[in-house]
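Analysis of the macromolecular model
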Amino acid sequence: MGKSIQALLFDFDGTLLDTNELIIQTFQTVLNEHYPGKYERVDILPFLGPTLVEIFNAIDPAKTDQLIKEYREWNSMRHDELVSEFDGVSETLKLLKATGVKMAIVSTKKNDILLRGIDVLDVDGIFDVIVGMDDVVHAKPHPEPILLALKKLGVEKEHALMIGDNSHDIEGGQNAGVATAGVAWSAKGEAFLQSFNPDYMLHHISDLLPLVRGEEI
């Protein structure tokens, strides 16, 4: 990239916190209630990333509000037992913080459930800025959430890196004019993410340490 990285912008679900099982089971429970046998695990993988409104509007616009309500209730009830951090996340974030780099979360989650997820990680005081669904009009891949995070951080886009497990994160970063990194532990697979041409592919969260030091990975 040639320019120093001053800010790391992280997606949350599927990037820092392994919420994949929680999300898949929530969709399965809610959708099987309304459309028995129609949605298997493989059918639910594309739902990792987009907003609930987008997903349920595509499935059954007349039931969107009801499905979102049921989704949030079940998801909230089972949240803490079904989520866990990806390998090395809390430890690496603390090491990154020690380098002086600024860090933000840019998520398509509502802020209350996002903060609950952050509590599961041991990361008090790590993030300078948190941007959730309640803070923006447009979700990723629209550039708004990323540009808002940069504005709050006081960092120019050429010194930022957007990190995520989904096409929305890579395209959102590209639309905002920032460098991007995919994570190879994405539930959709490394090859899927690579097809969106991120600048970097992380195979472990600790790959960010040499990047922040200005080294190649």
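Above this text you will find the structure in question.
In this text, all values refer to a predicted model and were calculated from it rather than measured experimentally.

What counts as what
- Residues numbered from 1 in each chain as written.
- Predicted model: local features only at pLDDT ≥ 70, side-chain atom pairs only at ≥ 80, totals over all residues.
- Heavy atoms only, no water.
- Helix = DSSP H or I, 4+ residues; strand = E, 2+ residues; numbered from the N terminus.
- Buried < 20%, exposed > 50% of the residue type's maximum accessible area, 1.4 Å probe, protein only.
- Contact = heavy atoms within 4.5 Å.
- Salt bridge = Lys/Arg side-chain N within 4 Å of Asp/Glu carboxyl O.
- Pairing = 2+ DSSP bridges.
- Phe/Tyr/Trp six-rings, centres within 6.5 Å; stacked < 30°, edge-to-face > 60°.
- Axes fitted to C-alpha atoms, helices over the stretch in contact; angles between N-to-C directions.
- Arc of directions from axis to C-beta.

1. Some thoughts on the side chain of Ser90
- For Ser90, the position within the fold is in helix α5 (residues 89–98).
- Judged by its relative accessible area of 6%, Ser90 is buried.
- In this view, Ser90 contacts Glu85, Leu121, Asp122 and Val123; residues no more than four positions away in its chain are not counted.

2. With respect to the pattern of salt bridges
- All chains considered together, the criterion is met by eleven salt bridges.
- A salt bridge links Asp11 to Lys140; the nearest nitrogen and oxygen atoms lie 3.0 Å apart. Of this pair, Asp11 sits in the loop between β1 (7–10) and β2 (17–18) while Lys140 sits in the loop between β5 (129–131) and α7 (144–153); the two residues are 129 residues apart in sequence, bridging distant segments of the chain.
- Ionic pairing is found between Glu215 and Arg213, a salt bridge with its closest N-O pair at 3.2 Å.
- Overall, the relative accessible area of 38% leaves Glu215 in the partly exposed class.
- Here the salt bridges share partners, and the residues they tie into one network are Asp11, Lys140 and Asp169.

3. Notes on the pairing of β1
- The alternating pattern of β1 places Ala7 and Leu9 on one face and Leu8 and Phe10 on the opposite face, and all of these are buried.
- In this sheet, strand β6 (residues 160–164) lies alongside β1 in parallel orientation, the contact comprising four bridges. Bridged to Ala7 within β6 is Ala160.

4. Comments concerning the packing of aromatic side chains
- For the coordinates displayed, the defined rule picks out nine aromatic pairs.
- Both rings, one in Tyr35 and one in Tyr39, keep their centres 6.2 Å apart while their planes meet at 70°; by these two values the pair is edge-to-face.
- Judged by relative accessible area, which is 15%, Tyr35 ranks as buried.
- Judged by centre distance (5.2 Å) and plane angle (70°), the ring pair of Phe192 and Phe196 falls under edge-to-face.
- A relative accessible area of 29% places Phe192 in the partly exposed class.
- Three or more aromatic residues joined by ring pairs form one cluster here, namely Phe27, Tyr35, Tyr39, Phe47, Phe56 and Tyr71.

5. Regarding the sheet that holds β5
- Strand order in this open sheet of six strands is β5-β4-β1-β6-β7-β8, and the pairing throughout is parallel. Each of the sheet's edge strands pairs with one partner strand only, and the pair in question is β5 and β8 (200–202). Each strand axis lies, on average, 25° off the axis of its neighbour in the sheet, ignoring direction.
- Lying on the sheet, helix α6 (residues 111–120) is in contact with β4 (102–106) and β5; it crosses β5 at an angle near 135°.
- Together, β1, β4, β5 and β6 form the strand contacts of α7, whose direction differs from that of β4 by roughly 150°.

6. Comments concerning helix α3 (residues 52–59)
- Listed in full, the buried residues belonging to α3 are Leu52, Ile55, Phe56 and Ile59. All buried residues of α3 lie within an arc of 85° about the axis, which places them on one face of the element.
- Buried positions along α3 lie against α1 (20–34) and α4 (64–82).

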